[in-house]
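Fold and contact review
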Amino acid sequence: MAFQQCIDPRCAATYAVGEVLVDCPRCGNLLDVAYDWSRAAVPQSLRSFEKKWTQRRDPHALSGVWRFHELLPFAPPDAIVTVGEGQTLLQPSDTVARYIGSQPGCVYLQYEGMNPSGSFKDNGMSAAFTHARCVGARRAACASTGNTSASLALYCAVTRLMRAVIFIGSGKISYGKLSQALEYGALTVQITGDFDDAMARVKEVTSELGIYLVNSVNPFRLEGQKTIMYRVLEALNWEVPDWIVVPGGNLGNSSSFGKAFYELKQLGLIDRIPRLAVINADGADTLYELYENRGVRWEQGLADLAPVCQYYDELDAKKRKASTIASAIEINRPVNLNKCLRALEWCEGVVRRVSDQEILDAKAQVGAGGIGCEPASAASVAGARLLRQEGEIAAGDRVVCILTGHQLKDPTATVAYHTTDQAEFNQVLGVRGVRRASFANRAVAVPNDLSEIIKAIQLYS
Ligand SMILES: *Cc1c(COP(=O)(O)O)cnc(C)c1O
Ligand SMILES: [Zn+2]
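It should be emphasised that the depicted structure is a prediction, and the values quoted were computed from it without experimental measurement. (Residues numbered from 1 in each chain as written. Chains lettered and ligands numbered in written order. Predicted model: local features only at pLDDT ≥ 70, side-chain atom pairs only at ≥ 80, totals over all residues. Heavy atoms only, no water.)

The next subject is the site of ligand 1. Close to ligand 1 lie 16 residues; Lys121, Asn147, Gly249, Leu251 and Thr404 are nearest. Here an oxygen atom of ligand 1 sits 2.8 Å away from a polar atom, N or O, in the main chain of Gly249. Relative to its unbound accessible area of 380 Å², ligand 1 is 98% covered by the protein chains. Spatially, ligand 1 is embedded in the largest cavity. (Near = heavy atom within 4 Å. Polar contact = N/O pair within 3.5 Å; in protein donor to acceptor, adjacent residues only side chain to side chain. Areas by Shrake-Rupley, 256 points an atom, 1.4 Å probe, with all protein chains shown as cover. 1 Å grid on protein atoms, 1.4 Å probe; cavity = no way out; pocket = protein on both sides within 12 Å on 5 of 7 lines; lining within 4 Å. Sits in = over half its atoms within 2 Å of the grid points.)

Laid out in structure tokens, this is it:
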């Protein structure tokens, strides 16, 4: 019923679910997990998933990924690996609505920071682990800007099914994420080079040693991430919003969201597909450059993708490395580029880029409304604001911004924003071009003296 299939329609080669592949052996393109839906037990309506709510003692029904098992039926129930991922929240936020210029009640934040390892990656890791268990893997590896490694390390430590091997570059990695990988006991390999270098190496190493790769080139991981969209629909009483806004790094999330909606439409479970906005950081803007400036399109898989290679050659020639405060999206060679182009076609998508300044200000506004997020996540809100200013998003459109990671993942950036003198700002953060902390909430310095303290509190509150 389930199989793997090359996304290039001119190749369309298929492979069994039991094969461990990270690209199409025939043509090198990415692989999808595909299904013969006529032989799957797909419910007649999305509402029937609500039955699972009464079965929460069953870990498969509790999981925000596996309660939608019928929509990712690539493994039998007894193979499922779950640590309770996907207990996440769709939170309306009028603070953010005001900030981006939308009407009250129209903006929602999908808070994926509530996952066990604190980012959306657990949705995908649960699915990749399920596949890895099916094929009997003993070791699993990833290259990571932080959250994938935290997630992999957690799943290995909780389930004891595999040993985690993680590759990090010597670029930015936030301490919140690194601390998780170390504490959960992953073998941590730090190489000189950035994320793109680590990604290239981990592909070589895993194929050489037969280690299971859990980066988002793994098509099973993206099946798990589809469920983020199912939960958004669930929280909106199965109504389709107008916009999904998501930060773009390796473009796994945006790719999986597109696939989720495309399949639901094909299955007749939704009647329209929301528009997708993928937000890059200025310092890591490959998708933006290709899609918005050079007009690269998927064209049902028939596009000439030569401009992509040409762009990468230009990056190499200029020795340009990705650089942004949003370390989770500090990526210049997104591995899922082709799938994301396809998702943008399915979802009539747009791509924007935002500066580190806009990201940090948006992050402060998300935090001011409670919940909070890490810098990369706030790119979604900064991007939504830009699209509102352009009028691309209308004031009354229903907008869902994906908050990909937890507020405590990167406290250095947050504390620097709220406390650091502007002169030192960029130095502390390791970035350039952040000029002001527009929404800084500074600590008040007071002598250790009761009357001074009382005076200060009365002055400032
Ligand atoms: C991984 C990650 C991203 C990027 O997601 P992609 O699927 O690689 O585009 C964004 N934000 C956070 C917090 C992440 O961990
Ligand atoms: Zn192929």
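Moving on, we come to the pairing of strand β1 (residues 2-6). Only one face of β1 is covered, namely the one carrying Ala2, Gln4 and Cys6; the face carrying Phe3 and Gln5 has none of its residues buried. Bridge count for β1 against strand β3 (residues 31-35) is five bridges, and the pairing is antiparallel. Paired with Phe3 across the two strands is Ala34, which belongs to β3. Where β1 lies against strand β2 (residues 14-16), three bridges are found, and the strand directions are antiparallel. When the sheet's bridge partners are listed, Gln4 is paired in β2 with Tyr15. (Buried < 20%, exposed > 50% of the residue type's maximum accessible area, 1.4 Å probe, protein only. Helix = DSSP H or I, 4+ residues; strand = E, 2+ residues; numbered from the N terminus. Pairing = 2+ DSSP bridges.)

Attention now goes to the coordination of the zinc ion (ligand 2). Ideal geometry at a metal centre gives angles of 109.5 degrees when four donors are arranged tetrahedrally and 90 or 180 degrees when six donors are arranged octahedrally. Coordination sphere of the zinc ion (ligand 2), protein contribution only: Cys6 (SG), Cys11 (SG), Cys24 (SG) and Cys27 (SG), at 2.3 to 2.4 Å. Here the zinc ion (ligand 2) binds four donor atoms, and the angle range of 94 to 116° at the metal identifies the geometry as tetrahedral. Each donor residue of the zinc ion (ligand 2) belongs to the same chain, with the gaps between them written as C-x4-C-x12-C-x2-C. Taken together, the residues Cys11 in the loop between β1 and β2 and Cys24 in the loop between β2 and β3 connect sequence positions 13 residues apart. Pair check on accessibility: Cys11 and Cys24 agree, each one buried. (Donors = N, O, S within 2.8 Å, 3.2 Å for Na, K, Ca; no water. Tetrahedral: all angles 85-135°; square planar, octahedral: opposite > 155°, others 65-115°.)

Another point: empty space enclosed by the protein. Scanning the model with the defined rule gives four cavities of 30 Å³ or more in all. There is about 280 Å³ of room inside the largest cavity. Every residue lining the largest cavity is counted, 27 residues in all, and those nearest its centre are Phe120, Lys121, Gly249, Asn250 and Ala328. Broken down by secondary-structure element, the contributors of at least two residues to the lining of the largest cavity are α4 (147-159), α7 (219-235) and α8 (252-266). (Points joined across faces, edges and corners; volume = space filled by probe spheres on them.)

Before going further, it helps to spend a moment on the layout of surface pockets. Here the largest pocket is characterised by a volume of approximately 520 Å³. If you trace the largest pocket, you find 19 residues lining it, with Lys203, Tyr312, Arg333, Pro334 and Val335 closest to the centre. Of all elements in the fold, only α6 (195-209), α10 (306-318) and α11 (337-346) reach the threshold of two or more residues within the lining of the largest pocket. For the lining of the largest pocket, the element with the highest residue contribution is α6, accounting for four residues. Residue classes in the lining of the largest pocket are distributed as 12 nonpolar, three polar and four charged. Roughly 430 Å³ of volume is contained in the second largest pocket. Considering the residues around the second largest pocket, the lining is formed by 20 residues, among which Gln5, Asp32, Tyr262, Arg342 and Trp346 are closest to the centre. Those elements that provide at least two residues to the lining of the second largest pocket are β1, β3, α8 and α11. Residues of the lining of the second largest pocket, tallied by class, amount to 11 nonpolar, three polar and six charged. (Nonpolar A, V, L, I, M, F, W, Y, C, P; charged D, E, K, R; others polar.)

Below, the discussion takes up the packing of aromatic side chains. Tallied over the entire structure, the rule returns nine aromatic pairs. Ring geometry for Tyr35 versus Trp37: centroids 4.8 Å apart, planes at 45°, classification tilted. Note on Phe74 and Phe220: the rings are 5.0 Å apart at their centroids and 65° apart in plane angle, and the pair reads as edge-to-face. On the criterion of sequence distance, the pair formed by Phe74 in the loop between α1 (59-62) and β4 (89-92) and Phe220 in helix α7 is long-range, its members being 146 residues apart. Relative accessible area serves as the criterion here: at 7%, Phe74 is assigned to the buried category. Linked through ring pairs, Phe49, Phe68 and Tyr230 together constitute an aromatic cluster. (Phe/Tyr/Trp six-rings, centres within 6.5 Å; stacked < 30°, edge-to-face > 60°.)

On the secondary structure map, Gly136 appears in the loop between α3 (121-134) and β6 (139-143). Sequence separation between Gly136 and Tyr212 is 76 residues; the distance between their C-alpha atoms is 9.6 Å.

Here the focus is the sheet that holds β2. Pairing in this open sheet of three strands is antiparallel, and the strands run β2-β1-β3 from one edge to the other. Edge positions in the open sheet fall to β2 and β3, since each of these has one partner strand only. Neighbour-to-neighbour, the strand axes of the sheet open up by a mean angle of 35°, direction not taken into account. With respect to the sheet, α7 is in contact with β1 and β3, its orientation differing from that of β3 by roughly 60°. (Axes fitted to C-alpha atoms, helices over the stretch in contact; angles between N-to-C directions. Contact = heavy atoms within 4.5 Å.)

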